[in-house]
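# Observations on the model geometry
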Amino acid sequence: MKTQSLEIGGATAILYGETREKAYLFLHGQMGCKEEGEAFARLACPKGYQVLAIDLPDHGQRRNRGEELTPWAAQPDIRRAVAWAEERWEQVSLRANSIGAYFAMLAFENPHHALLVSPILNMEELIRTMMVWARVTEEQLREQGEIVTSFGQTLSWNYLCWVREHPVHDWTCPVDILYGSGDTMTSRHQVEEYVQNHNAHLTVMEGGEHWFHTPEQLEVLREWEKRSI
């Protein structure tokens, strides 16, 4: 499969596939990288697409640059990638994981089609859930600014305020979601509510997790991608 290394603004990127008129933008999740797009590209390219995958801030080739994975840092990167893509292809769709899906909802106004795996659909509710896990009140977070939790996440008052002040796009495009029943980041209620409000199509892997990584989970993921592209 043909690959080309690129840099779009400050984002390192890989373009997979021969020249086509349609493309997918691939966005990884936390602790991921653009190279994860290769497995998806091996399915999408034979169906007439190219795949553009980018590294989000402080991930992949962008590690140790003093960047942070925040929505205000990721949003402009994704907007530049979308603008770059829309200049080159007649049709640009989205394939995104986890927090990458949330960032895409902030930055990508009108994808042709969206394939979302374990998407973060309501960031404010997720932050509030983590505050409950950490037994942190909103008043404590406002006073301290940042609080490091025992489960490895740092709660931030500025982050919470930013999320409240920047709503996501209300997509009207076809949306397909793959969700694990054991996902602790997005509740079953949240995903079902989103599906109902956006006429999206939901596939649930019973016993699946937020991170699809076991052989069985990856097989479900690849079969879902084949059907959904």
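So, here is what we can say about the structure in this document. (Residues numbered from 1 in each chain as written. Predicted model: local features only at pLDDT ≥ 70, side-chain atom pairs only at ≥ 80, totals over all residues. Heavy atoms only, no water.)

## Some points on the sheet that holds strand 9 (residues 175-180)
Taken together, eight strands build an open sheet; the order of strands is 1-2-4-3-5-6-9-10 and the sheet is mixed. Among the strands making up the open sheet, the edge pair consists of strand 1 (3-8) and strand 10 (201-205). Across the sheet, the mean angle separating the axes of adjacent strands is 20° when strand polarity is ignored. On the sheet, helix 7 (residues 188-198) packs against strand 9 and strand 10 and is oriented at approximately 165° with respect to strand 9. (Pairing = 2+ DSSP bridges. Helix = DSSP H or I, 4+ residues; strand = E, 2+ residues; numbered from the N terminus. Axes fitted to C-alpha atoms, helices over the stretch in contact; angles between N-to-C directions. Contact = heavy atoms within 4.5 Å.)

## Some details on the side chain of Q217
Locating Q217 in the fold gives a position in helix 8 (residues 215-228). Among residues more than four places away in sequence, those in contact with Q217 are M205, G207, G208, E209, W211 and F212.

## A closer look at the nonpolar core
Most often, soluble globular proteins have nonpolar side chains that are buried together. By size, the foremost hydrophobic cluster in this structure holds 59 residues, and its most contacted members are L52, I54, F103, L116 and W171. With eight residues, the single largest contributor to this core is helix 3 (residues 98-107). Here L116 is in contact with L94, A96, A101, M105, W171, V175, D176, I177, L178 and W224, once residues within four sequence places are set aside. Counting residues in hydrophobic clusters, the runner-up holds 20 residues, among them F26, L43, L115 and V117. (Core = buried A, V, L, I, M, F, W, Y, C linked by side-chain atoms within 4.5 Å. Buried < 20%, exposed > 50% of the residue type's maximum accessible area, 1.4 Å probe, protein only.)

## Details of the pattern of salt bridges
In total, this model carries 16 salt bridges according to the counting rule given. Here D55 ties to K34 by a salt bridge, and the two come within 2.7 Å at their closest N and O atoms. Of the two residues, D55 is situated in the loop between strand 4 (49-54) and helix 2 (71-86) and K34 in the loop between strand 3 (22-27) and helix 1 (37-44); the sequence distance between them amounts to 21 residues. Assigned by exposure class, D55 and K34 land together as buried. When the shortest N-O distance is used, the salt bridge between E192 and R188 registers 3.0 Å. You can see E192 and its partner R188 sitting in helix 7, four residues apart, about one turn around the helix. (Salt bridge = Lys/Arg side-chain N within 4 Å of Asp/Glu carboxyl O.)

## Some thoughts on a nonpolar patch on the surface
A contiguous nonpolar patch, built from V132, W133 and F151 and spanning about 300 Å² of accessible area, is present on the exposed surface. Note that V132 resides in helix 4 (residues 123-134). A residue is classified by how much of its surface remains accessible, and V132, at 62% relative accessible area, is exposed. (Patch = residues over 30% accessible without salt bridge, like charges linked within 9 Å, V, L, I, M, F, W, Y side chains within 5 Å. Areas by Shrake-Rupley, 256 points an atom, 1.4 Å probe, with all protein chains shown as cover.)

## A look at the packing of aromatic side chains
According to the stated counting rule, one finds eight aromatic pairs in the structure shown. With a centroid separation of 5.9 Å and 50° between ring planes, the pair formed by W72 and W162 is classed as tilted. With W72 in helix 2 and W162 in helix 6 (residues 157-165), this residue pair connects regions lying 90 residues apart in the sequence. Looking at W162, the relative accessible area reads 13%, which means it is buried. Measuring from centroid to centroid gives 5.9 Å for Y102 and F103, while their planes differ by 50°, and the two rings are tilted. (Phe/Tyr/Trp six-rings, centres within 6.5 Å; stacked < 30°, edge-to-face > 60°.)

## Considering the packing of helix 2 against helix 3
Look at helix 2 against helix 3: their axes get within 9 Å of each other, and the N-to-C directions meet at 65°. It follows from the interaxial angle that helix 2 and helix 3 lie roughly perpendicular. Two packed elements cross with a definite hand, and for helix 2 against helix 3 that hand is right-handed. Across from P71, A74, Q75, I78 and R79 in helix 2, the residues of helix 3 making contact are Y102, F103, A104, L106 and A107. Split into classes, the residues belonging to the contact of helix 2 with helix 3 amount to eight nonpolar, one polar and one charged. (Parallel < 35°, antiparallel > 145°, perpendicular 65-115°, else oblique. Left-handed = near helix turned anticlockwise from the far one by under 90°. Nonpolar A, V, L, I, M, F, W, Y, C, P; charged D, E, K, R; others polar.)

## Quick word on the environment of V51
Within the secondary structure, V51 is located in strand 4. By relative accessible area, which is 0% here, V51 ends up buried. Each C-alpha atom, one on V51 and one on E86, is 13 Å from the other, the two residues being 35 residues apart in sequence.

That's the geometry; what it means functionally is another story.
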